[in-house]
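Structural description and commentary
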Amino acid sequence: TTTTTTTTALNAGRIQPPSTAGGITSNLISQLAVIALKLRLKDQTQVECDVTMDPVQFLRGNVGPVTVKGRGWRSGLNL
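Residues numbered from 1 in each chain as written. Predicted model: local features only at pLDDT ≥ 70, side-chain atom pairs only at ≥ 80, totals over all residues. Heavy atoms only, no water.

Turning our attention to the pattern of salt bridges. Note on pairing: side chains with opposite charge can pair once their charged atoms come close. Inspection of the entire model under this criterion finds one salt bridge. Asp-43 serves as the salt-bridge partner of Arg-74, at 3.7 Å between the closest nitrogen and oxygen. Highlighted residues: Arg-74 in the segment after β4 (66-71) and Asp-43 in the loop between α1 (24-40) and β3 (46-53), separated in sequence by 31 residues. A relative accessible area of 34% places Asp-43 in the partly exposed class. (Salt bridge = Lys/Arg side-chain N within 4 Å of Asp/Glu carboxyl O. Helix = DSSP H or I, 4+ residues; strand = E, 2+ residues; numbered from the N terminus. Buried < 20%, exposed > 50% of the residue type's maximum accessible area, 1.4 Å probe, protein only.)

Structure below.
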């Protein structure tokens, strides 16, 4: 079984390439998660998403674990 881990970071509005070689599917999921978080946050200085997945488990509808990290996050309610 092959497991793929991909990290995508968003710093100051720029998507950076994955820091770990990974499959296109985990890369896509990671990038979509970063974009979705950016759209939900009023402000941020960094958003990072690590996606680890097994392609066989993905075909069964399972993804994970997923770790999300960031700095300078502010919600629409200024929280």
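A contiguous nonpolar patch, built from Phe-58, Leu-59, Val-63, Val-66, Val-68 and Trp-73 and spanning about 530 Å² of accessible area, is present on the exposed surface. Position of Val-66 relative to the elements: it lies in strand β4. (Patch = residues over 30% accessible without salt bridge, like charges linked within 9 Å, V, L, I, M, F, W, Y side chains within 5 Å. Areas by Shrake-Rupley, 256 points an atom, 1.4 Å probe, with all protein chains shown as cover.)

A residue-level look at the chain finds 71% of positions with pLDDT of 70 or above and a mean pLDDT of 76. Here strand β1 (residues 4-11) stands out as the least confident element of the chain, with mean pLDDT 50; β4 is the most confident, with 91. Across residues 1-6, confidence stays below pLDDT 50; counting only partners more than four residues off in sequence or on other chains, it has 28 contacts. Within the model, the stretch residues 16-22 combines pLDDT values under 50 with 15 contacts to residues more than four positions away or in other chains. (pLDDT = per-residue confidence, 0-100. Contact = heavy atoms within 4.5 Å.)

The subject of this paragraph is α1. With 17 residues, α1 extends 24 Å between its outermost C-alpha atoms, agreeing within 8% with the 24 Å of an ideal straight helix rising 1.5 Å per residue. Residues of α1 that are buried: Ser-26, Asn-27, Ser-30 and Val-34. Buried residues of α1, seen end-on, are gathered within an arc of 105 degrees and therefore sit on one face of the element. Of the residues in α1, the exposed ones pointing more than 90 degrees away from the buried face are Ile-24, Leu-39 and Arg-40. (Expected span 1.5 Å × (residues − 1). Arc of directions from axis to C-beta.)

This part is about the pairing of β3. Remark: a regular strand shows side chains that alternate across the two faces of the sheet. With eight of its eight residues buried, β3 lies for the most part within the structure. When β3 meets β4, the two strands line up antiparallel, connected through six bridges. When the sheet's bridge partners are listed, Glu-48 is paired in β4 with Lys-69. (Pairing = 2+ DSSP bridges.)

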